[in-house]
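Remarks on the overall topology
So you can see what is in the structure, the chains are spelled out below.
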Amino acid sequence: MSKEVMLDCLGEACPVPLVKAEGAIKDLEVGDVLVVQIDHSCAVKNVPEWARKEGHFVDIEEVDDGEWEIIIEKAK
Amino acid sequence: MAREKKIEHYDVVIIGAGAAGLTAAIYCARARLSTIVIEKALVGGLATYTNEIWNYPGFPDMPKGEAITDLMKVQAKNMGAKFKLTEVQSVDLTGEEKIVETFRNKYIAKSVILASGGRPRTTGAKNEENYLFDKGISFCATCDAASNTDKVVVVIGSGDAAIEEGMFLTKFAKKVIVSVMHDEGIMDCNEIAKEAALANPKMEFVWNTVVDSFEGEDHLDTVVLRHLKTNELIPVKCDNCFEFIGYIPNTELIKEQVTLNPQGYILTNDRMETNLEGVFAAGDVRDKWLKQVATAVGDGAIAGYAAEKYIAETEVFECNVARKDKNGAVYVYNAVEAQQRELVTIIEALTSRHGENYHFCKVDVYKSDGIAKKLGRTNYPYVAIIKDGKVDHYIDLISEDNIINALKTS
């Protein structure tokens, strides 16, 4: 069964969320979901772009003003 | 197994939430159209890559680009526009129903506004792919400046973005080395930026160079520049590299459907109309002369207004002009012309005499010629004979007899 992992990057500036996300996705299986929580807008640019380039599915939720969850479904 | 996509209907789907898309959303939502904006990353678009915006009217304190676009977003949301932060996977814009698909949703819209902007161009130099994202090559000084405190950075390019962002980086980095492809003293940026950059003690320039390769163990540590005249290779040690060498339009998804220029930008007229009915383009994705927040806002306003007009005219057309249930005639005229105005009485007379059997109406093109375009002719006046919801033929010699005879024989 696929699992969902939360990655708390609140308060972290670029490139920390991206580095952490790269590390976290390595430990997941195909079909698992990684949710990266961020509140630095710069990470809304580079984390989804990196994840899509890797071939994963990405959605973003703006959970609050200036706070986002980047939802990455590992595809390969 | 493929997941079933959720279908949602909107009046307008706007692709891209930069200054153009956000302004279009404000105009559409204010016209009470149900509007959704789809954005694949951060709302605000390219403006969010800029630290100081000096020339957007109304903001004299040089705010960050994001500060301006955040306000646009609030305004669009207040008007009722919806936002979805995900990537568009495919579109079908050729039919009357426009289809925009994302990973989980299928949006069906009456009109689509393409405001997908561009993305940074890369150098194409050797090993570039290996150092993208957090491995040493960046395209956003705003995003990555703080992590370059006391470091040495290389900037590629000499346009406004390269020089202005390069100067911003000098507030953090100990040295900023700029690779310029032109002869010494020649830059593509504005004169003010150029003077300031040449006087900045933390900035160094390597003239007549382009990138040959990127080198480094795991992370970038050397940018190898190539002198354009001597072909000499110049290795430059650095911690990170920023590329500001222009943009390429995000038009891959639509290139088979929408007419583009040879560089891939969307061709529009001054109403932001593309080659497809009901499909408009706005902002940097469009073939245009000056790409600025101010001009993106102008494009967005026009595209939003044009979408509203298109939707309204389509409804009027189907309900009142070219009815499928009743054959008839449409008088198309310009009310500014006295002679054309007088012929309106013919339509009124026909309505009272033959209104039970046929549907008669008149269309004034003074404010908008959208309906005339749908009828297929924009030189006035004329009468279009409608049969089964379609134009059968046109009549130039406008009289009661000619119209009624045409209807009876068609």
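Model, not experiment: these values are computed from the prediction.

Residue and element names in this part refer to chain B. Read across the sheet, 3 strands follow the order 12-13-14 without closing on themselves; strand pairing throughout is antiparallel. Lying at the two open borders of the sheet, with one neighbouring strand each, are strand 12 (209-215) and strand 14 (233-237). Here the average twist between neighbouring strands, direction ignored, is 30 degrees. Alignment of strand 12 against strand 13 (residues 222-227), held across 6 bridges, turns out to be antiparallel. Bridging across to strand 13, E215 finds its partner in T222.

Looking now at the confidence of the model for chain B. Of the residues in chain B, 99% reach a pLDDT of 70 or more, and the chain-wide mean stands at 94. As a predicted assembly, this complex carries a pTM of 0.86 together with an ipTM value of 0.89.

Before going further, it helps to examine the pairing of strand 9 (residues 152-156) of chain B. Residues and elements named next belong to chain B. When you tally the buried positions in strand 9, you get 4 out of 5 residues, the bulk of the element. By the bridge criterion, 5 bridges tie strand 9 to strand 10 (residues 175-179) in an arrangement that is parallel. Pairing of V153 across the sheet is with V176, part of strand 10. With helix 4 (residues 160-169) bridging strand 9 and its parallel neighbour strand 10, the resulting β-α-β unit is right-handed. In this sheet, strand 15 (residues 240-243) lies alongside strand 9 in parallel orientation, the contact comprising 4 bridges. Within strand 15, the residue paired with I156 across the bridge is E243.

Parameters and conventions
- Residues numbered from 1 in each chain as written.
- Chains lettered and ligands numbered in written order.
- Predicted model: local features only at pLDDT ≥ 70, side-chain atom pairs only at ≥ 80, totals over all residues.
- Pairing = 2+ DSSP bridges.
- Helix = DSSP H or I, 4+ residues; strand = E, 2+ residues; numbered from the N terminus.
- Axes fitted to C-alpha atoms, helices over the stretch in contact; angles between N-to-C directions.
- pLDDT = per-residue confidence, 0-100.
- Buried ≥ 20, exposed ≤ 12 C-beta atoms within 10 Å, placed from the backbone.
- Right-handed = clockwise from strand over helix to strand, strands pointing away.

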